[in-house]
Amino acid sequence: MNTCERRSLFGGFAVVVLGAVTMLTGVSTAAAGPGNFTCSASALRVGDTVFVPANPDGNPCASDSPASLLVQDVAFAGGAVHLELLTSATEAGSRGSSASASGAQLVLTAMGHTVQADVLRTNAAVECVENRQGKPTAQPPTFESSALGVTIDGQSITPVGHTDVAIPGVGTVHLLHSEHADTERGPRPEEITQSALFFEPAAGTVLPEVAVAEVTADFTGQPCAPGRTK
């Protein structure tokens, strides 16, 4: 059961990428087991367009370190995004997976409103821990996000946990935002996404979703191989 479902509202807008994107990627996949660790990361997502993606396929997790970007500007109907120092990375191992992403000096404008942030960062990890029987078992993912120096139309916002700030008629700014999605049977969500900042446009607007420092880290089945855990 989804606690938050993404809405597809990008059909009526055109995303114009003003900054050049150059990525040099080295990918190595972790050894297969009776299940997979999963991971992905991106510094910025505007609608369906992703910037500095690490292991974008997600499953299985793979170590990926795309080249960072000093600056990225994206214009869209009704606004624009400016972000600096865009980075992301994923790491796969026999005992877990991790993902991280960050950006700085965000300026998001939407229908005359302005969202700014100094630093946005998210880290996530899954690891194997020995259970009571002494067998390594994959644990639910852990996430940590930070959003520093956030202002919305000049008003300072200090998030404490997941924080929502509504801009009437425009959308909602979610800080330290988490989404859960069930993709298989069982009591636990199999797909968990965390972002330092997620802008959800209001219904009826042509604005796109915008996510900064967005990562996933999870697992399917039981991927922990026998042996010493972390």
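Right above here is the structure, for reference.
Now for a look at the structure at hand. Because the structure is predicted, anything quoted here is derived from the model rather than measured.

About the criteria used
Residues numbered from 1 in each chain as written. Predicted model: local features only at pLDDT ≥ 70, side-chain atom pairs only at ≥ 80, totals over all residues. Heavy atoms only, no water. Helix = DSSP H or I, 4+ residues; strand = E, 2+ residues; numbered from the N terminus. Buried < 20%, exposed > 50% of the residue type's maximum accessible area, 1.4 Å probe, protein only. Polar contact = N/O pair within 3.5 Å; in protein donor to acceptor, adjacent residues only side chain to side chain. Core = buried A, V, L, I, M, F, W, Y, C linked by side-chain atoms within 4.5 Å. Contact = heavy atoms within 4.5 Å. Pairing = 2+ DSSP bridges.

What to know about the side chain of Glu214
In this fold, Glu214 is placed in strand E17 (residues 210-221). Take Glu214: its relative accessible area is 9%, and that puts it in the buried class. A polar side-chain atom of Glu214 sits 3.0 Å from a polar atom in the side chain of Arg45.

Thoughts on the nonpolar core
Ranked by size, the top nonpolar core spans 50 residues in total, and within it Leu44, Leu106 and Val212 carry the most contacts. Once residues lying within four places of it in the same chain are set aside, the contact partners of Val212 are Ala43, Leu44, Leu83, Leu106, Leu120, Ser195, Ala196 and Leu197.

A look at the pairing of strand E8 (residues 96-110)
Across 12 bridges, strand E7 (residues 79-93) lies against E8 in antiparallel orientation. Across the sheet, His82 pairs through a bridge with Val107, a residue of E8. Bridging between E8 and strand E9 (residues 113-130) involves 14 bridges; their strand directions are antiparallel. Within E9, the position partnered with Ser100 by the bridge is Asn123. Two successive antiparallel strands, E8 and E9, enclose a turn made up of 2 residues, where Met111 displays a positive phi of approximately 50°.

Looking at unusual backbone geometry
Following Asn59, the chain continues to Pro60 via a peptide bond in cis, the omega torsion being 5°. Within the secondary structure, Pro60 sits in the loop between strand E4 (49-54) and strand E5 (62-64). The phi angle at Val52 is positive, at roughly 55°, despite the residue not being glycine. Tracing the backbone through its elements, the reader meets Val52 in strand E4. Relative accessible area serves as the criterion here: at 1%, Val52 is assigned to the buried category.

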